[in-house]
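Chain by chain, the residues:
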Amino acid sequence: MVHNICFSEEIHFDNEVYKLKYSALAPNTNGYGNEYFRNSENVGNWNKMIGVYYYPEVSNPLKYAEDFDKTVENTDNSILLKLIENKKADKAAISFLVNGCENAKKYFEYDIYRFEKNPNKGMMVLKYAVKHYFTNDSEIKSIAENIKKNNDKYLETIITSPIPLLIEKNICIRE
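What counts and what doesn't
Positions within a chain are numbered from 1, following the residues in the order the chain's sequence is written. Thresholds applied to this predicted model are a pLDDT of at least 70 for local features of residues and 80 or more for the giving and counting of side-chain atom pairs; totals over whole chains, interfaces and linings are not thresholded and use all residues. Hydrogen atoms and water are omitted, and side-chain values are computed over all heavy atoms in the structure. Definition used in this section: a nonpolar core is a set of buried Ala, Val, Leu, Ile, Met, Phe, Trp, Tyr and Cys residues joined via side-chain atoms within 4.5 Å. Relative accessible area decides the class of each residue, using a 1.4 Å probe on protein chains only: under 20% of the type maximum gives buried, over 50% gives exposed, and in between gives partly exposed. The way it works is that DSSP assigns letters per residue, a run of H or I at least four long becomes a helix, a run of E at least two long becomes a strand, and they are numbered from the N terminus. Values of pLDDT, the confidence the predictor places in each residue, fall between 0 and 100. Only heavy atoms matter for contacts: two residues are in contact if any of them lie within 4.5 Å across the pair. The term salt bridge refers to a pairing of a side-chain nitrogen on Lys or Arg with a carboxyl oxygen on Asp or Glu at a separation within 4 Å. Under this definition, polar contacts are N or O atom pairs within 3.5 Å; protein pairs additionally need one hydrogen-donor-capable and one acceptor-capable atom, and for neighbouring residues in sequence, both atoms have to be side-chain atoms. Working convention for charge: Lys and Arg count positive, Asp and Glu count negative, and His plus the chain ends are omitted. Only Phe, Tyr and Trp rings take part, Trp by its six-membered ring, and two of them pair if their centres are within 6.5 Å. Stacked means planes under 30 degrees apart, edge-to-face means over 60, and tilted covers everything else. Geometrically, a lysine NZ or arginine CZ counts as sitting over a ring once it is within 6 Å of the ring centre and also within 35 degrees of the ring normal. Any two strands with at least two DSSP bridges between them are considered paired. Multiplying one less than the number of residues by 1.5 Å gives the expected span of a helix. Across the chain, bend at a residue is computed as the angle between axes fitted to the seven residues ending at that point and the seven starting from it.

1. So, the nonpolar core
One finds Phe13, Tyr18, Tyr36, Ile50 and Tyr128 to be the most contacted residues of the largest nonpolar core, which totals 26 residues. Mapped by element, the contributors of at least two residues to this core are strand E2 (10-13), strand E3 (16-26), strand E5 (48-55), strand E7 (91-102), strand E8 (105-117), strand E9 (123-134) and helix H2 (137-160).

2. Looking at the confidence of the model for the chain
When pLDDT is averaged along the chain, the result is 91; 95% of the residues meet or exceed 70. Confidence drops under a pLDDT of 50 for residues 1-7, and excluding neighbours within four residues, the segment shows 15 contacts in the predicted structure.

3. Re the pattern of salt bridges
Taken as a whole, this structure holds 14 salt bridges when the rule is applied. Here Glu9 and Lys169 are joined by a salt bridge, their closest N and O atoms 3.8 Å apart. Taken together, the residues span a long stretch of sequence, with Glu9 in the loop between strand E1 (5-6) and E2 and Lys169 in the loop between H2 and strand E10 (171-172) at a distance of 160 residues. Owing to a relative accessible area of 42%, Lys169 belongs among the partly exposed residues under this scheme. Of the charged contacts in the structure, one is a salt bridge between Lys91 and Glu116, with a shortest N-O distance of 3.7 Å. Note that Lys91 is positioned in strand E7 and Glu116 in strand E8, a separation of 25 residues in sequence. Given a relative accessible area of 29%, Lys91 falls into the partly exposed group. Overall, Glu116 belongs to the buried group, its relative accessible area being 15%. Among the charged side chains, a salt-bridge network with shared partners connects Glu16, Arg38, Glu41 and Lys48.

4. A few points about the environment of Asn42
Checked against the element boundaries, Asn42 lands in the loop between strand E4 (31-37) and E5. Taking the relative accessible area as the measure of exposure, Asn42 reaches 7% and is therefore buried. A C-alpha to C-alpha distance of 20 Å links Asn42 and Asn99, two positions 57 residues apart in sequence. At a separation of 2.8 Å, a polar atom in the side chain of Asn42 contacts the main-chain amide nitrogen of Gly44.

5. Quick notes on the environment of Val125
Within the secondary structure, Val125 is located in strand E9. For Val125 and Arg114, which are 11 residues apart along the polypeptide, the C-alpha to C-alpha distance reads 5.4 Å.

6. Section: the side chain of Glu35
Considering the arrangement of structural elements, one finds Glu35 in strand E4. Buried charge without a salt bridge: Glu35, with Lys127 as the nearest opposite-charge side chain at an N-O distance of 5.4 Å.

7. Considering the packing of aromatic side chains
Between two aromatic rings, the relevant description is the distance of the centres plus the angle of the planes. A full pass over the atoms with the stated rule returns 15 aromatic pairs. By way of ring pairs, the aromatic residues Tyr55, Tyr64, Phe68, Phe96, Tyr113 and Phe115 are connected into one cluster. The cationic tip of Lys153 hangs over the ring face of Tyr154; the distance from NZ or CZ to the ring centre is 4.7 Å.

8. Thoughts on the pairing of E8
Of all 13 residues in E8, 10 are buried, a share of seventy percent or more. Strand direction decides the pairing type here: E7 and E8, joined by 12 bridges, are antiparallel. Within E8, the residue paired with Asn99 across the bridge is Phe108. In this structure, the hairpin formed by E7 and E8 is closed by a connection of 2 residues, where Asn103 is found at a positive phi of approximately 50°.

9. With respect to H2
Given a rise of 1.5 Å per residue, 24 residues ought to cover 34 Å, and the 34 Å separating the end C-alpha atoms of H2 matches this to within 8%. Along H2, the sharpest change in direction is near 50° and occurs at Asn150. Along H2, the positions that sit buried rather than exposed are Ile143, Ile147, Asn150, Asn151, Tyr154, Leu155, Thr157 and Ile158. Residues of H2 that are buried make contact with E2, strand E6 (78-86), E7, E8 and E9.

Right, dumping it as structure tokens:
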């Protein structure tokens, strides 16, 4: 069983601890974004991260998720895995893969986003991302099997996890 305990500056998820290492006001959304990383990782160098984002101008999480879904499907280096909508609760979640490359190393970034109304105004987004690096086709096959096997479990965990309180101050920690 995965236990999720939220503290303001650290998150326990899937038996790992993530610390708040980046927070900033996003000019394009007028909302804050908080990003949590494991101890030895940071905003410029990570394999796993959790993000909490506030979009004060977005009032319809379901429409936003549907538009996000279309963007993923129409992006060449992305593969949609699953879109789940709960119309009664006005929540949605999406999982997808993005093919990327950094420092000459190829990877698949596995992303899950949850969209839901903020109780006061706007929308909250909870993100979980993992980079899976590969060098050959057998590694790609193994990554794909692992993600396929665990996608529903991670989606369920992100859907049921409490969204941490947003910390509205500028933070950038590089270790």
